[in-house]
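Chain by chain, the residues run as shown.
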Amino acid sequence: MWKWLHPYAKTEQAYRLCSTLLPWFAVASLLCLIPGLIWGLAYAPADYQQGDSFRIIYLHVPSAILSMGAYSAMAVAAFIGLVWQIRSADMAVAAIAPVGAVMTFIALFTGAAWGKPMWGTWWVWDARLTSELILLFLYLGVIALYQSFEDKQQGSKAAGIMALVGVVNLPIIHYSVEWWNTLHQGATITKFGKPSIAPDMLWPLLLCLAGLAFVVGALSLYRLQTEMLRRELHRPWVQKLAGGNSDAV
Amino acid sequence: MNPRRKQRLIAVSTVVVVIGAAIGLMLYALGQNIDLFYTPSEIVQGKDGVKPRVGQRLRVGGLVVPGSVKRDENSLAVTFDLVDTGPIVQVSYQGILPDLFREGQGIVATGHLSAANQILAEEVLAKHDEEYMPPELAEAMKGIKHVKPQDANYN
């Protein structure tokens, strides 16, 4: 496995891999997200308690799961970047952070929009909502740290440590609804055992989740490519890519 | 793994484990202060041996006892009972209730304790569970017949 992975430590190889994967991710995201959203928003049955308002679940749950998924991916990249000092992993941290931050924001926003009609309030300081808000601040912290260093190597190091420390928050978000009493309900699909949602509501939800996961993947790959080009502007491979003329860059 | 990488691996892991443990202990120490609300039994019997004082501002969360909702005919005033597993607490509220409010539903009320088991609420929020299903299925599985609030016969 190491032998297979090692070439991608070189940014040039990683860039090529991104170029190959990107169209697949883009197509897969459209293939999942479009039918998933149409099915979920228009054809899935209404909930017995919440009626049509529950349909915001098709945005809220995927974005909330992916805000945590993107954070895990970013933390793994930060770990590899810190221990093995692989440049493309450092760049991946910088590439994923804003995408994850946007997912967190969508999760918080749709959650508020769902909370107002159902719970009766936009926001309440319960453990689940607060820990998800902290996740947003962690993302913003990682982005700010990375940006605030002139030397990107230093910036990656600082941002990487911040990203790794923040991992503590992930189990807190997930288990907040079990450890403490909250206004937010418990987990519907991210738990062991049968999901507590009817099958014809569950399938579109899973499609939306897969679709949004591919969107996050595609955006991260694209950002990773740009980051690689930006940081290696004067390396021969970028020059070659730009047409062999250094003035053209 | 070469020694420098090993050193970095140990350093990074130590930082993460130590900070993780620190935050874990902090949350453990804060413990039930992170809870959003008291349950009715905690109000009546006390939580960790401490009963809330009369006059204290607090939140209470529980299920609305079926048949206990009493609305005033001339105003928005409403009283209802809350229960979890033990004693009942009575909540009085004046204002608009959320759509999901109905008998048997979980709710969270913010207010202050006016007597040992009476709460004057300023805000009532509805809680819903993590189960989603179409109305027909709910009727078949749980025997719940969904009634729109305007069709419900509260007296």
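Residues numbered from 1 in each chain as written. Chains lettered and ligands numbered in written order. Predicted model: local features only at pLDDT ≥ 70, side-chain atom pairs only at ≥ 80, totals over all residues. Heavy atoms only, no water.

Going by the annotation in an unreviewed UniProt entry, the name recorded for chain B is Cytochrome c-type biogenesis protein CcmE, with Bowmanella dokdonensis given as the source organism. Regarding chain B, the relevant UniProt record gives this comment under Sequence similarities (unreviewed entry): "Belongs to the CcmE/CycJ family." Recorded under Function (unreviewed entry), the UniProt text for chain B is reproduced unchanged: "Heme chaperone required for the biogenesis of c-type cytochromes. Transiently binds heme delivered by CcmC and transfers the heme to apo-cytochromes in a process facilitated by CcmF and CcmH." (UniProt positions renumbered as here; feature names shortened; annotations may be inferred.)

Taking an unreviewed UniProt entry as the reference, chain A is identified by name as Heme exporter protein C belonging to Bowmanella dokdonensis. In its Function (unreviewed entry) section, UniProt records this for chain A: "Required for the export of heme to the periplasm for the biogenesis of c-type cytochromes."

## Let's talk about the UniProt feature "transmembrane region" (unreviewed entry) in chain B
Sequence positions flagged by UniProt for "transmembrane region" (unreviewed entry) are, in local numbering, residues 9–31 of chain B. In residues 9–31 of chain B, helix accounts for 96% and strand for 0%; the two terminal C-alpha atoms are 32 Å from one another. (Helix = DSSP H or I, 4+ residues; strand = E, 2+ residues; numbered from the N terminus.)

## Some words on the interface of chain A and chain B
Facing 42 residues of chain A, the contacting portion of chain B comprises 41 residues. For the pair chain A and chain B, the summed buried surface comes to about 3600 Å²; carbon and sulfur atoms form 63% of the total. Sorting the residues of chain A by area buried against chain B places Tyr48, Gln49 and Asn181 of chain A first, and these three jointly supply 23% of that buried surface. Our count for the chain A to chain B interface comes out at 16 residue pairs in polar contact (both at pLDDT 80 or more). The greatest single-element share of the side of chain A that touches chain B, amounting to four residues, is contributed by helix α3 (residues 57–83) of chain A. (Contact = heavy atoms within 4.5 Å. Buried area = accessible area lost by both parts, 1.4 Å probe. Polar contact = N/O pair within 3.5 Å; in protein donor to acceptor, adjacent residues only side chain to side chain.)

## Observations concerning the packing of aromatic side chains
Aromatic ring pairs: the centre-centre distance and the angle between the two ring planes describe each pair. As enumerated under the stated definition, the model contains twelve aromatic pairs over all chains in all. With a centroid separation of 5.6 Å and 80° between ring planes, the pair formed by phenylalanine 25 of chain A and phenylalanine 214 of chain A is classed as edge-to-face. Separated by 189 residues along the polypeptide, phenylalanine 25 of chain A in helix α2 (residues 11–43) and phenylalanine 214 of chain A in helix α8 (residues 199–231) bring together distant segments of the chain. Phenylalanine 214 of chain A sits in the partly exposed class, given a relative accessible area of 29%. On the numbers, 5.7 Å between centres and 90° between planes, the contact of tryptophan 179 of chain A with tryptophan 180 of chain A is edge-to-face. On the basis of relative accessibility, which here comes to 48%, the residue tryptophan 179 of chain A falls in the partly exposed class. The class for tryptophan 180 of chain A is buried, based on a relative accessible area of 10%. Put simply, the rings of Phe54, Tyr58 and Trp114 of chain A together with Tyr132 of chain B touch in pairs and so form one group of aromatic residues. Here the basic side chain of lysine 152 of chain A rests over the ring of tyrosine 146 of chain A, its NZ or CZ set 5.0 Å away from the ring centre. Above the face of the tyrosine 38 of chain B ring, lysine 47 of chain B is positioned so that its terminal group lies 5.0 Å from the ring centre. (Phe/Tyr/Trp six-rings, centres within 6.5 Å; stacked < 30°, edge-to-face > 60°. Buried < 20%, exposed > 50% of the residue type's maximum accessible area, 1.4 Å probe, protein only. Lys NZ or Arg CZ within 6 Å of the ring centre and 35° of its normal.)

## Considering the UniProt feature "binding site: heme" (unreviewed entry) in chain B
Residues annotated by UniProt as "binding site: heme" (unreviewed entry) correspond here to His128 and Tyr132 of chain B. As for the annotated residues, the ones lining the second largest pocket are His128 and Tyr132 of chain B. Within the secondary structure layout, histidine 128 of chain B lies in the loop between β6 (118–126) and α3 (135–142). Look at histidine 128 of chain B and you get buried, because its relative accessible area is 4%. Engagement of the side chain of histidine 128 of chain B in a polar contact is seen with the side chain of glutamine 50 of chain A, the distance being 3.1 Å. (1 Å grid on protein atoms, 1.4 Å probe; cavity = no way out; pocket = protein on both sides within 12 Å on 5 of 7 lines; lining within 4 Å.)

## Digging into the confidence of the model for chain B
The predicted model of chain B averages 83 in pLDDT, with 90% of residues at 70 or higher. Reported for the predicted complex are a pTM of 0.87 and an ipTM of 0.79. (pLDDT = per-residue confidence, 0-100.)

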